[in-house]
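Architecture and fold: a report
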Amino acid sequence: MSVICIILLWLLSFGGVSNGLSANASSRPKNVSVGAILTLDSTIGKVAKIAIEEAVKDVNANSSVLSGTTLLIDIKNTNCSGFLGLIEALRFMETERVAVIGPQSSVVAHAILHVANGLKTPFLSFAATDPTLSSLQFPYFIRTTISDLYQMMAVAEVVYYYGWKEVTVIFLDDDYGRNGLAALDDALAARRCRVSYKAGISPGDVGQNEVMDILVNVALMESRVIVIHANHAAGLSVFNVARNLGMMGDGYVWIATDWLASVLDSEFPHESTDALHGVLVLRQHTSDSEKKRSFLTRWNQLTHSQLGLSTYALYAYDTVWLLAQALDSFFDQGGVISFTNYSTSQSSAGSELNLGAMSIFDGGPRLKEKILQSDFVGLTGPIKFSSGKSLGFPAYEILNIIGTSLHRIGYWSNYSGLSTVAPESLYSRPLNRSSAKQKLRGVIWPGESVETPRGWVFPHNGKLLRIGVPIRVGYREFVSQASGTNTFKGFCIDVFIAAVDLLPYAVPYQFIPYGNGHENPNYNQLVKLITTGFFDGAVGDIAIVTNRTKIVDFTQPYAASGLVVLAPVRKSNTGGWAFLRPFSLQMWGVSAAFFILIGIVVWILEHRTNDEFRGPPKQQLITILWFSLSTLFFAHRENTVSTLGRVVLLIWLFVVLIINSSYIASLTSILTVQQLHSSIKGIESLKEGNDPIGYQTGSFAEHYLSEGIGIHSSRLKPLGSPEEYATALQLGPKNGGVSAVVDERPYVELFLSSQCKFRIIGQEFTKSGWGFAFPRDSPLSMDLSTAILTLSENGELQRIHDKWLTQSTCGSDNTELESDRLHLDSFLGLYLLCGLACFIALLIYFCQVIKKFRRTASNGYASDGPGSLRSGHLRTLLSIIDEKSDPSKRESKRRKLENSSLSESSRGI
């Protein structure tokens, strides 16, 4: 017996076996110790300590959880110091804690978890929201609250909802603040928004002078949407200084992350309400339940209503229950509490650290899995982890501070986005993230404004916008520089100045010339300089084309444009076949077909009653052709006696009258008016040929012709001025010139105002416009677009156009060359009307024939069989169609009817 006692004593003294907690592997331990690392002098630490202690009491008082085992909690204070947090964590490792609740701060978490991760002790944090505390870096770190990754997604969604493009971020310059900023930057980029300015606040004691310097720089920025991601002390200091600087008034937007909600829920600072009026605040959403309301009542009794209940207190309470239920499941499946001395499992040779007192929790991996498999409903709602160790449905409330109260304007959830309905009621519905479903209630903004702020103003930093302006060699009516000065004038300049004058704020700018003055600059290079920051914008005759819109933003087009073909023209030679030109080939064909059709229709309708349409087959064919052609000159000698024939002929003569008149008018124009002719018919004929083609130097036309439609670059010849246009076109391709010039319509129209020997051939084959270029997502482009629309509506844009771009002096000849031929489309209605009349007349005629055929067939006749019967019917039908109707019989019948009516009248008298 004594030998057994000695062995037991030896085992207990060996570092590889723990204390009495694990002495009996087949039974639950009497006590289970866990640690808690908090910052007790912080708002979150104060409420979390109370919530954790109450949760431990509730767990120990509940016989259904950890039956027979008492949960012990040891709370340590870190004073938000990473070093102190690390020391307390190492002490927990010496005293063999199965788990640690916390750390509360993300900064402390980064300091602790690098060392404690290898000891396989689960850390359950209800407040460390840093998104970088991931399962890959810290496998034993389990976040029991919502990550800042989702909070920043909610902030980005709000920014996008109100149409803001840029935000300024004031953040705490530590791991918590920097990592939150990085998450916000990514979330905004996904919405095509961005962080335009970042201002970091030093952690620790924040001086008012430091905050003052930061806010002065923020006030000089153009963005008026300010996001604060800080802590209690730094955040409230920013708001107090902002109020003194007048930055809590009209035009400003302030968005605070959930640090402010925890302060307002726990210790609402009534003396600071003036500085917070109109601020938007995010708060972690917890489902409303009877259990939560009961705990709130109990909380008020515990704190005597001196300390409010924040969401972090609820998450701290649920964290204790999460650990207790995981331990209960761990014990149910035979888990035991045992530790292995760190020095026996890890070689410490050569190490300067004394790790002999450290212990590895043998059941750590198994307990971690039990924690992640938990699924229950706590005070905060359903507690269930996804595959990434995050809570299943992260959601936030969006609050508006009005006076001394918080008004909920909506919710954000990772499932449904923005909504005015609680997220839990939407989880059972089909997913719908359309923009129409994103809704928030009305907001009272800083300065008591109910109108959504624009979100930006022009920066008051004294910097002038550098606006690039191309120095043109030709077409100086659009843009030109006064000699020896930086003064510019022209159509484009006047439009820009007029639009800027309509803006509700001042825009200080200066024009910077771009180009060498000897040739037109490359406009693609001018636009690219905006992306590098060399220019803040570009003003001029800049076409809005695809490759440019990919790198900059353009305003609303202020001038319509599009590529056209300019070519020389000459007087056409009408020739001996000019009489064929009035009608197109299709028109000639359809007209000839209708002449023959009318002759056949009239012959059918007149054949039985009109002797002039009877006779031998050859004579009848000649009659048909002669009658149809003679109607062209209204010289037909055959009379029509049937009503149907007269109706058809009347309609046809009306069609012939219209055709004759149109033909005579067109032929007269061709023979008497000077006709201009060009061998080029449009861009397709240029593409198929081999002649050189001119384009304006610096224009996008070169890229379009070579890359867009495949014309070889060797055929393209740059031209720099209107004079070069005229010279190259007059020389022609055989004498070193070009066959045509491809350029934008505004240039060509201005060129044609003084050059009447050339014309636009065909139609525009591209559609574009001119606009002013600015950096991507620049609010100035949007506001100037609105100003340009105003100029268009009030007629000012047309007045500027008339001032600079003189009207053509070439009269009506300055129009596009179009064919003088008459096409079938112009007469389609007449032909359809005539064809319909023929169809109806034939239908009535054949109905009459069939009716007579039935009367004849009803009299009956002898037949030798079915075959002879069918042939008899056919012969009868053909005979009826071919027989001559005797007009004398009809006249005799008419006279008999008249005599009968007269005799009846006599008897009556």
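First, a word on scope: everything that follows refers to the structure included in this document. Computed from a predicted model, the values in this text were never measured in an experiment.

Some words on empty space enclosed by the protein
Applying the stated rule across the entire model yields two cavities of 30 Å³ or more. When its volume is computed, the largest cavity comes out at roughly 80 Å³. For the lining of the largest cavity, a count of residues per class yields four nonpolar, four polar and four charged.

Quick look at the packing of helix α2 (residues 43–61) against helix α9 (residues 258–266)
Taken N-terminus to C-terminus, the directions of α2 and α9 make an angle of 60°; their axes are 9 Å apart at the nearest point. Considering their axes alone, α2 and α9 lie oblique with respect to each other. Viewed along their axes, α2 and α9 form a crossing whose handedness is left-handed. Side by side, α2 and α9 meet where Thr 43, Ile 44 and Val 47 of the first sit next to Ser 262, Val 263 and Ser 266 of the second.

Quick look at the sheet that holds strand β29 (residues 716–719)
Reading across from one edge, β29-β28-β30-β25-β31 is the order of the five strands in this open sheet, with mixed pairing throughout. In this open sheet, the two edge strands, each paired with only one partner strand, are β29 and β31 (758–761). Pairwise comparison of adjacent strand axes, ignoring direction, gives a mean angle of 35° for this sheet. As judged from the four bridges shared by strand β25 (residues 563–568) and strand β30 (residues 740–744), these two strands associate in the antiparallel manner. Each bridged residue has a counterpart across the sheet, and for Leu 563 the counterpart in β30 is Glu 744. Running over the sheet, helix α24 (residues 745–752) touches β25, β28 (693–696), β30 and β31 and is turned about 120° from β30.

What to know about the sheet that holds strand β8 (residues 225–229)
With mixed pairing, the eight strands of this open sheet are ordered in space as β7-β6-β8-β9-β10-β15-β16-β17. The open sheet has two edge strands, β7 (194–201) and β17 (417–419), and neither has a second partner. Taken pair by pair, the neighbouring strands of this sheet meet at an average axis angle of 25°, ignoring direction. Alignment of strand β16 (residues 405–413) against β17, held across three bridges, turns out to be antiparallel. The residue bridging Tyr 411 from the neighbouring strand is Ser 419, located in β17. The strands touched by helix α6 (residues 175–189) within the sheet are β6 (166–172), β7 and β8, with β6 carrying the most contacts at an inclination of about 165°. Sheet strands touched by α9: β8, β9 (253–256), β10 (280–284), β15 (395–402) and β16. Its angle to β10, the strand with the most contacts, is close to 80°.

What to know about the environment of Asn 179
Mapped onto the fold, Asn 179 is located in helix α6. Placed 49 residues apart in sequence, Asn 179 and Asp 130 show a C-alpha to C-alpha distance of 6.5 Å. Contacts of Asn 179, omitting those with residues within four sequence positions, involve His 110, Asp 130, Pro 131 and Thr 132.

Some words on the pairing of strand β13 (residues 375–378)
Of the two faces of β13, only the one carrying Phe 376 and Gly 378 is buried; Asp 375 and Val 377 on the other face are not. As consecutive antiparallel partners, β13 and strand β14 (residues 381–384) are separated by two residues.

Describing the environment of Gln 510
Tracing the backbone shows Gln 510 in strand β21 (residues 509–514). Residue class for Gln 510 comes out partly exposed when judged on its relative accessible area of 33%. In the structure, Gln 510 is positioned 45 residues away from Leu 465 in sequence and 6.0 Å away in space, judged by C-alpha atoms. If sequence neighbours within four positions are ignored, Gln 510 has contacts with Leu 464, Leu 465, Arg 466 and Ile 467.

Thoughts on a nonpolar patch on the surface
A surface patch of nonpolar side chains, about 470 Å² in accessible area, is lined by Leu 836, Phe 839, Ile 840, Leu 843 and Ile 844. Tracing the chain through its elements places Leu 843 in helix α27 (residues 828–858).

Some words on the side chain of Lys 389
Within the secondary structure, Lys 389 sits in the loop between β14 and β15. Within the local environment of Lys 389, its side chain forms a polar contact with the backbone oxygen of Pro 139, the two atoms lying 2.8 Å apart. Of the polar contacts made by the side chain of Lys 389, one reaches the backbone oxygen of Phe 141; its length is 2.7 Å.

Describing the nonpolar core
Membership of the largest hydrophobic core comes to 87 residues, with the highest contact counts inside it found for Val 98, Phe 126, Ile 255, Leu 323 and Leu 327. At 15 residues, the largest contribution of residues to this core is made by helix α12 (residues 311–332). Apart from residues no more than four positions distant in its own chain, Leu 327 is found in contact with Val 32, Leu 66, Leu 71, Val 98 and Leu 367. Ranked by size, the runner-up nonpolar core spans 72 residues in total, among them Ile 467, Ile 680, Phe 700 and Phe 758.

Some thoughts on α9
In an α-helix there are 3.6 residues to a turn, and that puts residues three or four apart on one side. Among the nine residues of α9, nine are classified as buried, and the element is accordingly described as predominantly covered. Where α9 is concerned, the buried positions are Asp 258, Trp 259, Leu 260, Ala 261, Ser 262, Val 263, Leu 264, Asp 265 and Ser 266.

Description of the environment of Ser 359
Counting through the fold element by element, Ser 359 comes out in strand β12 (residues 359–361). Using a relative accessible area of 7% as the deciding quantity, one classes Ser 359 as buried. Taking the C-alpha atoms as reference points, Ser 359 and Ser 338, 21 residues apart in sequence, are found 9.4 Å from one another.

Description of helix α23 (residues 722–731)
Taken residue by residue, α23 has Pro 722, Tyr 725, Ala 726, Ala 728 and Leu 729 as its buried positions. Gly 732 sits one or two positions beyond α23 and adopts a positive phi of about 80°.

Some points on the packing of α12 against helix α14 (residues 364–372)
For any two helices packed against each other, the geometry is given by the interaxial angle and the distance between the axes. Here α12 crosses α14 at 120°, and the two axes come no closer than 8 Å. On the basis of the axis angle, α12 is oblique to α14. The handedness of the crossing between α12 and α14 comes out as right-handed. Residues Leu 322, Leu 323, Ala 326, Leu 327, Ser 329 and Phe 330 of α12 form the contact with α14, whose own contacting residues are Arg 366, Leu 367, Lys 370 and Ile 371.

A few points about the packing of aromatic side chains
Taken as a whole, this structure holds 39 aromatic pairs when the rule is applied. Centroid distance Phe 496 to Tyr 509: 5.3 Å. Interplanar angle 80°. Geometry classified as edge-to-face. Here the residue Phe 496 occupies a position in helix α15 (residues 491–501), and Tyr 509 occupies one in strand β21, the gap between them amounting to 13 residues. What makes Phe 496 buried here is its relative accessible area of 3%. Overall, the relative accessible area of 24% leaves Tyr 509 in the partly exposed class. Consider the rings of Tyr 509 and Phe 511, whose centres lie 5.3 Å apart with planes at 55°: the pair is tilted. Exposure remark for Phe 511: the relative accessible area of 12% places this residue in the buried category. Ring pairing ties together the aromatic residues Tyr 475, Phe 478, Tyr 725, Tyr 747, Phe 751, Phe 758 and Trp 770, which thus form one cluster. Between the NZ or CZ atom of Arg 466 and the centre of the ring of Phe 534, over which it lies, the distance is 4.8 Å.

So, how was this worked out
- Residues numbered from 1 in each chain as written.
- Predicted model: local features only at pLDDT ≥ 70, side-chain atom pairs only at ≥ 80, totals over all residues.
- Heavy atoms only, no water.
- 1 Å grid on protein atoms, 1.4 Å probe; cavity = no way out; pocket = protein on both sides within 12 Å on 5 of 7 lines; lining within 4 Å.
- Points joined across faces, edges and corners; volume = space filled by probe spheres on them.
- Nonpolar A, V, L, I, M, F, W, Y, C, P; charged D, E, K, R; others polar.
- Axes fitted to C-alpha atoms, helices over the stretch in contact; angles between N-to-C directions.
- Helix = DSSP H or I, 4+ residues; strand = E, 2+ residues; numbered from the N terminus.
- Parallel < 35°, antiparallel > 145°, perpendicular 65-115°, else oblique.
- Left-handed = near helix turned anticlockwise from the far one by under 90°.
- Contact = heavy atoms within 4.5 Å.
- Pairing = 2+ DSSP bridges.
- Buried < 20%, exposed > 50% of the residue type's maximum accessible area, 1.4 Å probe, protein only.
- Patch = residues over 30% accessible without salt bridge, like charges linked within 9 Å, V, L, I, M, F, W, Y side chains within 5 Å.
- Areas by Shrake-Rupley, 256 points an atom, 1.4 Å probe, with all protein chains shown as cover.
- Salt bridge = Lys/Arg side-chain N within 4 Å of Asp/Glu carboxyl O.
- Polar contact = N/O pair within 3.5 Å; in protein donor to acceptor, adjacent residues only side chain to side chain.
- Core = buried A, V, L, I, M, F, W, Y, C linked by side-chain atoms within 4.5 Å.
- Phe/Tyr/Trp six-rings, centres within 6.5 Å; stacked < 30°, edge-to-face > 60°.
- Lys NZ or Arg CZ within 6 Å of the ring centre and 35° of its normal.

This is a description of form; function is not addressed.
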